[in-house]
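# Working through the structure, step by step
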Amino acid sequence: MANKTAESISSEEFFYGHKACAGCGGSLAVRAALKVLGQNAVSVLPAGCMSAVGFNFPQLCFSNNSIISTFAGTASMLTGVEAGLRAKGYRDFTAVGFAGDGGTADIGIQALSGAIDRNDDIIYICYDNEAYMNTGIQKSGLTPYGAKTTTTPAGKNIHGNIRPKKNMFEIVAAHGIPYAATASVGYLPDFIEKVRKASQIKGTKYIHVIAPCPTGWGVAPDATIDIAREAVDCGLWYLAEYENGEFRLSRRPKEFTSVEEHLKKQGRFRHLTDEDIKIITDSRDKKWEYIDRTFSL
Ligand SMILES: Cc1ncc(C[n+]2csc(CCOP(=O)(O)OP(=O)(O)O)c2C)c(N)n1
Ligand code: SF4
Ligand SMILES: [Mg+2]
């Protein structure tokens, strides 16, 4: 399979007619990934926006086989689907999960860790919109520092979320997984290529894709791609792979674009002071010192 770009992947649609908000980054990630994996993908989706917008009885918005799992159980259900189909003699299929940041980094982390430990032959894709969006924008373990959510409001004394974002990519890599990658819907060909690569590797694969949510981030629906791209260009998110025990950067911006401009475009960060932005920029610089030392290009 040599699907490399948005132009050369299938014109067939596997996720359509759903009820996602205009400009939803998560739905774009699911749509693109299924175009790469095709009709024989069996999707597992836990509670979260993508299952809420994709399964509207009697209208199923997936044309491939798909099922909703418990909130905590994406990886466990993937394990069962893969083992069950294999036991029944099927060989040509891909068990793929699409879970949100809350479903992955918080309640689902134990099931995911167990699946990686067993090296089950599954692809787990976390679409990261940086909060529990489906239930009204609550903070998750992947909400970034300073972001305003309904459970981390911005007031006079506390300016949004006071905790840093967990690094799921590196947590997963620390398991010694066969393949892990980060991606952004702002760099769709890179995401598509990583899904293609994952589909050809045996064992557990994990892809973490930044997928803006216009509703929760406070941006216009047509800003999704630009904001997702900017997150990479300003260095707050990085595109990388982990394979054979090594980290490799997929992209190294020569000079970072402005963190302040990127944050101030989003309603969830509009309250940040110059001091808050300096904390975020300094932490970006520190992270990149580590990345430049540790990752190859
Ligand atoms: C055990 C359990 N706890 C809580 C919920 C309620 N719930 C449904 S969706 C959701 C938010 C999911 O957030 P995330 O995983 O980030 O996906 P998103 O909605 O952002 O796409 C929550 C808390 C649930 N369905 N099951
Ligand atoms: S709330 Fe956000 S993540 Fe959920 S469907 Fe709307 S845009 Fe997508
Ligand atoms: Mg979320």
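Now for a look at the structure at hand. Counting restarts for each chain: residues are numbered from 1 in the order of the written sequence. Lettering for chains starts from A, numbering for ligands starts from 1, and both go in the order in which the items are written. Reporting in this predicted model follows two pLDDT cut-offs: at least 70 for local features of residues, and 80 or more for side-chain atom pairs to be given and counted; totals over whole chains, interfaces and linings ignore these cut-offs and use all residues. To get the side-chain values, all heavy atoms of the structure are used, and hydrogens and water are removed first.

## Here we look at the site of ligand 2
Residue proximity to a molecule or strand is established when one non-hydrogen atom of the residue lies within 4 Å of it. Near ligand 2 you find Ala20, Cys21, Cys24, Cys49, Asn129, Cys213, Pro214 and Thr215, and these make up its full shell. Each residue belonging to the shell around ligand 2 can be placed in one class, and the counts come to six nonpolar, two polar and no charged. Classification used: nonpolar for Ala, Val, Leu, Ile, Met, Phe, Trp, Tyr, Cys and Pro, charged for Asp, Glu, Lys and Arg, polar for all others including Gly.

## A word on the sheet that holds strand S6 (residues 123-128)
Any two strands with at least two DSSP-identified bridges between them are counted as paired. What counts as a helix is a DSSP run of H or I of at least four residues, what counts as a strand is a run of E of at least two, and both are numbered from the N terminus. One open sheet holds the eight strands; their spatial order is S4-S1-S5-S6-S8-S7-S9-S10, and the pairing between them is mixed. In this open sheet, the two strands that pair with only one neighbour each are strand S4 (66-68) and strand S10 (246-249). Pairs of neighbouring strands in the sheet enclose a mean axial angle of 15°, with direction left out of account. Inspection of the sheet shows strand S1 (residues 41-45) paired to strand S5 (residues 94-100) by four bridges, in the parallel sense. Along S5, the bridge assignment pairs serine 43 with valine 96. Strands in contact with helix H7 (residues 188-199) are S6, strand S7 (179-184), strand S8 (205-210), strand S9 (240-243) and S10; relative to S7, the strand with the most contacts, it is inclined by about 160°. Think of each axis as a best-fit line through the C-alpha atoms, taken over the contacting stretch in the case of a helix, with angles from 0 to 180 degrees between the N-to-C directions. Residue contacts follow a heavy-atom distance rule, with two residues in contact if any of their heavy atoms lie within 4.5 Å.

## As for the coordination of the magnesium ion (ligand 3)
Think of the donor list as every N, O and S atom within 2.8 Å of the metal, or within 3.2 Å for Na, K and Ca; water never makes the list, so a site can look incomplete. Around the magnesium ion (ligand 3), the donor atoms from the protein are Asp101 (OD), Asn129 (OD1) and Ala131 (O), and they sit 2.0 to 2.1 Å away. Buried, partly exposed and exposed residues are distinguished by accessible area as a fraction of the type maximum, computed with a 1.4 Å probe on protein chains only: under 20%, between the cut-offs, and over 50%, respectively. Assessed through its relative accessible area of 1%, aspartate 101 is described here as buried.

## Points about the nonpolar core
Core analysis: the largest hydrophobic core is formed by 38 residues, its most contacted members being Leu34, Ile125 and Phe191. Top element by residues in this core is helix H1 (residues 25-37). It accounts for eight residues. In this structure phenylalanine 191 touches Ala29, Ala32, Ala33, Ile125, Ala183, Ser184, Ile207 and Val209, once residues within four positions along its chain are discounted. Only buried residues count toward a nonpolar core, which is a set of Ala, Val, Leu, Ile, Met, Phe, Trp, Tyr and Cys residues joined through side-chain atoms within 4.5 Å. Core analysis: the second largest hydrophobic core is formed by 31 residues, Val44, Val81, Ala99 and Cys126 among them.

## A closer look at the packing of aromatic side chains
Stacked, edge-to-face and tilted labels apply to pairs of Phe, Tyr and Trp rings (six-membered ring for Trp) whose centres lie within 6.5 Å, assigned for plane angles under 30 degrees, over 60, and everything in between, in that order. Throughout the structure, instances matching the rule amount to 13 aromatic pairs. For the pair phenylalanine 169 and tyrosine 238, a centre-to-centre distance of 6.1 Å together with 65° between the ring planes defines the contact as edge-to-face. You can see phenylalanine 169 sitting in helix H6 (residues 168-173) and its partner tyrosine 238 sitting in the loop between helix H9 (224-233) and S9, a full 69 residues away along the chain. Among the residues examined, phenylalanine 169 registers a relative accessible area of 1% and is labelled buried. A relative accessible area of 6% means that tyrosine 238 is categorised as buried. With a centroid separation of 4.7 Å and 10° between ring planes, the pair formed by phenylalanine 247 and phenylalanine 295 is classed as stacked.

## Thoughts on the packing of H1 against H7
Running from amino to carboxyl end, H1 crosses H7 at an angle of 45°, the nearest separation of the two axes being 9 Å. Relative to H7, H1 is oriented oblique. Remark: the crossing between H1 and H7 carries right-handed chirality. From H1, Leu28, Ala29, Ala32, Ala33, Val36 and Leu37 reach across to H7, where they touch Leu188, Phe191, Ile192, Val195, Arg196 and Ser199. The class makeup of the residues in the contact of H1 with H7 is 10 nonpolar, one polar and one charged. Each angle receives one of four descriptions, namely roughly parallel if under 35 degrees, roughly antiparallel if over 145, roughly perpendicular if within 65 to 115, and oblique otherwise. Handedness of each helix crossing follows the sense of rotation of the near helix against the far helix: counterclockwise by less than a right angle gives left-handed, clockwise gives right-handed.

## Focus on the packing of helix H3 (residues 74-87) against helix H5 (residues 109-118)
A pair of packed helices is captured by two measures, namely the crossing angle of their axes and the spacing between those axes. The contact between H3 and H5 brings their axes to 7 Å, and the two run at 40°. Across from Ala75, Ser76 and Thr79 in H3, the residues of H5 making contact are Ala111, Leu112, Ala115 and Arg118. The residue makeup of the contact of H3 with H5, split by class, is four nonpolar, two polar and one charged.

## Quick notes on the pairing of S1
Most of S1 is tucked away: five of the five residues are buried. Along S1, one buried face is formed by Ala41, Ser43 and Leu45 and the opposite face, lined by Val42 and Val44, is buried too. In terms of strand pairing, S1 meets S4 through three bridges, oriented parallel. Its bridge partner lying in S4, leucine 45 is registered against isoleucine 68.

## Section: helix H11 (residues 274-294)
A helix is expected to reach a length of 1.5 Å times the quantity of its residues less one. End to end, H11 covers 30 Å across 21 residues, agreeing with the expected 30 Å (1.5 Å per residue, within 8%). Looking at H11, one finds that the buried residues are Asp276, Ile277, Ile280, Thr281, Arg284, Trp288 and Ile291. Each buried residue of H11 lies within a common arc of 130° when the element is viewed along its axis, so the set occupies one face. In H11, the exposed positions that point more than 90 degrees away from the buried face belong to Glu275, Lys278, Lys286, Glu289 and Arg293. On its buried face, H11 sits against S10 and helix H10 (259-264). This arc is built from the directions going out from the helix axis to the C-beta atoms.

## A short note on the pattern of salt bridges
For this document, the term salt bridge refers to a Lys or Arg side-chain nitrogen within 4 Å of an Asp or Glu carboxyl oxygen. Applying the stated rule across the entire model yields 21 salt bridges. The shortest N-O distance in the salt bridge between arginine 86 and glutamate 82 comes to 2.9 Å. Of this pair, arginine 86 and glutamate 82 both sit in helix H3, four residues apart, which is roughly one turn of the helix. Between aspartate 190 and lysine 194 there is a salt bridge; the shortest N-O distance is 2.9 Å. Placement of both aspartate 190 and lysine 194 in helix H7 is noted, with a separation of four residues, approximately one turn of the helix. You can call aspartate 190 partly exposed: its relative accessible area is 21%.

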